Each structure stands twice: as C-alpha cells, then as structure tokens.
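Coordinates in review
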Amino acid sequence: MHLHFIVHEDFEAPGAYEIWGQNNHCKMTYSRVYLNDPLPSTVEDIDFLIVMGGPQSPDTTVEMCPHFNSLAEQAVIKKAIQANKIVLGVCLGSQLIGEALGAKFEHSPEREIGKFPIMLTEYGLKNSLFSHLGKMTEVGHWHNDMPGLTSDAKIIAFSAGCPRQIVEYSKLVYGLQCHMELTPEVVELLIQHSATELNQAHDYKFVNTREELRSHDYQEMNQNLFIFLDKLKDGYLKLS
C-alpha cells in the first residue's frame, strides 16, 4: 500500500495517519510543499492520497503564499479520483477535494479549535465505514471553513459549530473537516502557530484554551481513525 501525503506546513503534520501507515507497513512518500517539494506528476503507483490541512484556503493564490498552488493540488486530486484511488482530505484538504469536484468551500458558522463531539447523520450511522463511531464521538478541530458539497455528496457527521465535519464524495473519497489525527506532539506544534486564535479563546464558544488542548486524551479518536482507515483500505483492495 502506497500512501502519499501532501503536507502544507510542518505544524499541520500527518500525526496518526502516519502512525497508521507505519503500523500497516505502507510505503509513505511526501510532497512537503512548504519545503518546495514537487507534487506527484503521476498517481499510478499511489494507492492512497492524503491531503493535509493548513492555514491557507482554496482561494489562496501563489502570490499570497508562494509554496501553495491550490489549482495544481486540485489537479492531482482529480487525477487520483479519476484513477479510482483512495483520496482523503483533512481540513484544507477536504475543502480542496470539494473544489476539485466543483463544490465551493464556505466559511463555517463557528470557529472550532479543540476537542468537541461530532454527531453522525442517519446516513453516517448506516455507513459501515463509520458505524463504529456510534451516534456521537469526540474529535479534534482546528478550523474556520468547511468543504463544499457536490450534488452526490453525503454528510456523515456534523458538530454544534459546523454542519459538515465528515463528507463522503464517493466510496473512496472523503473529506474530514475535523482532525482525528491529532496527537499531543501535533497539538503542541499547532499551539505554537496559533497564538492569535488562542489568545481570543474566551471570545468563542468552541475554542479551547492552551491548557485544555494540552490536557485532552487523543488516543480514542486516533483508534477510531485507525478502524476507519482499516475498513477503507479493505474496501479498496477488494476493488483492485
């Protein structure tokens, strides 16, 4: 199994996705665009494309952020979808999947930073990839925006602050606005790069303080992510 990560910033690290790849003896390659790594020119030997988050938005131009090329990333995502690869987007990555499929990202009703519950929709509860989550589970959040919806998209989960937390675009393509990959190490990196937002924590309903962020246990959400990835991998291999 070959995983390829598109990583926008060092503090938006793959976290538990990388741990899952290591545990499953996957080949893992990276486009660390903040280091000016190239995007993959072909997706033929990639099984699983994971597009991580970042402070950018799909509307961020190369002039605004020279190492981030939204349209080029969308082109890679389209190639992977058309080649029937697994495509998973996290936060910004989820928004880029929607954009690649013609669905405009939107601002979320609430800023969310921290650990808060998501609730599964009726469709989500019936979806075997997510059934282990139950009606409600706590996950990580670090966002202001949310992915757009295509005519075929189905919402798997939502939160009190955001109506689009997990979106199914097709049976191999998912957008996660939430961050189930957070680990204490990744959270610490994010804290160091989110001073403005965290200084305003008490002004928002769904923003944890630094102390709260550091006190959370992230292991259960990581384990739930691993189960989802196991199921997704098994489904992909059956189609191969």
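Placed above this text is the structure.
Attention in this report is confined to the structure presented alongside it. Source: prediction; values computed, not measured.

Below, the discussion takes up the side chain of Asp145. You can see Asp145 is positioned in strand β6 (residues 136-146). Buried charged residue Asp145 carries no salt bridge. Nearest counter-charge: Arg111, at 9.2 Å. Reaching out from Asp145, the side chain makes a polar contact with the side chain of His107 at a distance of 2.5 Å. Leave out the neighbours within four places in its chain, and Asp145 touches Ser57, Gln95, Phe105, Glu106, His107, Ser108 and Gln177.

Let's shift gears to the sheet that holds strand β8 (residues 166-170). If you walk across this open sheet you meet the 9 strands as β2-β1-β3-β4-β9-β8-β7-β5-β6, and the pairing is mixed. Unpaired on one side and paired on the other, β2 (27-32) and β6 mark the two borders of the sheet. Strand-to-strand twist across the sheet, computed as the mean angle between neighbouring axes with direction ignored, equals 20°. Bridge count for strand β7 (residues 154-158) against β8 is 3 bridges, and the pairing is antiparallel. Following the sheet pairing, Lys154 is matched in β8 by Glu168. Along the sheet, helix α1 (residues 16-23) contacts β1 (2-7), β2, β3 (48-51), β4 (86-90) and β9 (173-176); its crossing angle with β1, the most-contacted strand, is approximately 160°.

As a further point, take the environment of Lys154. Within the secondary structure, Lys154 is located in strand β7. On the basis of relative accessibility, which here comes to 36%, the residue Lys154 falls in the partly exposed class. Sequence-wise, Lys154 and Thr121 are 33 residues apart; in three dimensions their C-alpha atoms are separated by 9.4 Å. Once residues within four sequence positions are removed from consideration, Lys154 is found in contact with Tyr123, Ile166, Val167 and Glu168.

Quick look at the nonpolar core now. Counting 35 residues, the largest nonpolar core has Tyr17, Phe48, Leu88, Phe130 and Phe228 as its most contacted members. Elements represented by at least two residues in this core include exactly β1, α1, β3, β4, β5 (106-120), β7, β9 and α8 (219-239). The dominant element in this core, judged by the number of residues it contributes, is α8, at 6 residues. Not counting residues within four places of it along the chain, the set of residues in contact with Leu88 comprises Tyr17, Phe48, Leu49, Ile50, Val51, Ile97, Tyr174, Leu176, Phe228 and Leu229. Within the second largest apolar cluster, 20 residues are counted, among which are Val43, Leu49, Val51 and Val76.

For the coordinates displayed, the defined rule picks out 6 salt bridges. Taking the shortest distance from any N to any O, the salt bridge between Lys171 and Glu168 comes out at 3.7 Å. What makes Lys171 exposed here is its relative accessible area of 55%.

At His25, a residue that is not glycine, the phi angle is positive and equals roughly 55°. Positive phi, close to 55°, is recorded for Cys91, a residue that is not glycine. With respect to the element layout, Cys91 can be found in the loop between β4 and α3 (92-100). Owing to a relative accessible area of 5%, Cys91 belongs among the buried residues under this scheme.

How each quantity is defined
Residues numbered from 1 in each chain as written. Predicted model: local features only at pLDDT ≥ 70, side-chain atom pairs only at ≥ 80, totals over all residues. Heavy atoms only, no water. Helix = DSSP H or I, 4+ residues; strand = E, 2+ residues; numbered from the N terminus. Buried < 20%, exposed > 50% of the residue type's maximum accessible area, 1.4 Å probe, protein only. Lys, Arg positive; Asp, Glu negative; His and termini not counted. Salt bridge = Lys/Arg side-chain N within 4 Å of Asp/Glu carboxyl O. Polar contact = N/O pair within 3.5 Å; in protein donor to acceptor, adjacent residues only side chain to side chain. Contact = heavy atoms within 4.5 Å. Pairing = 2+ DSSP bridges. Axes fitted to C-alpha atoms, helices over the stretch in contact; angles between N-to-C directions. Core = buried A, V, L, I, M, F, W, Y, C linked by side-chain atoms within 4.5 Å.

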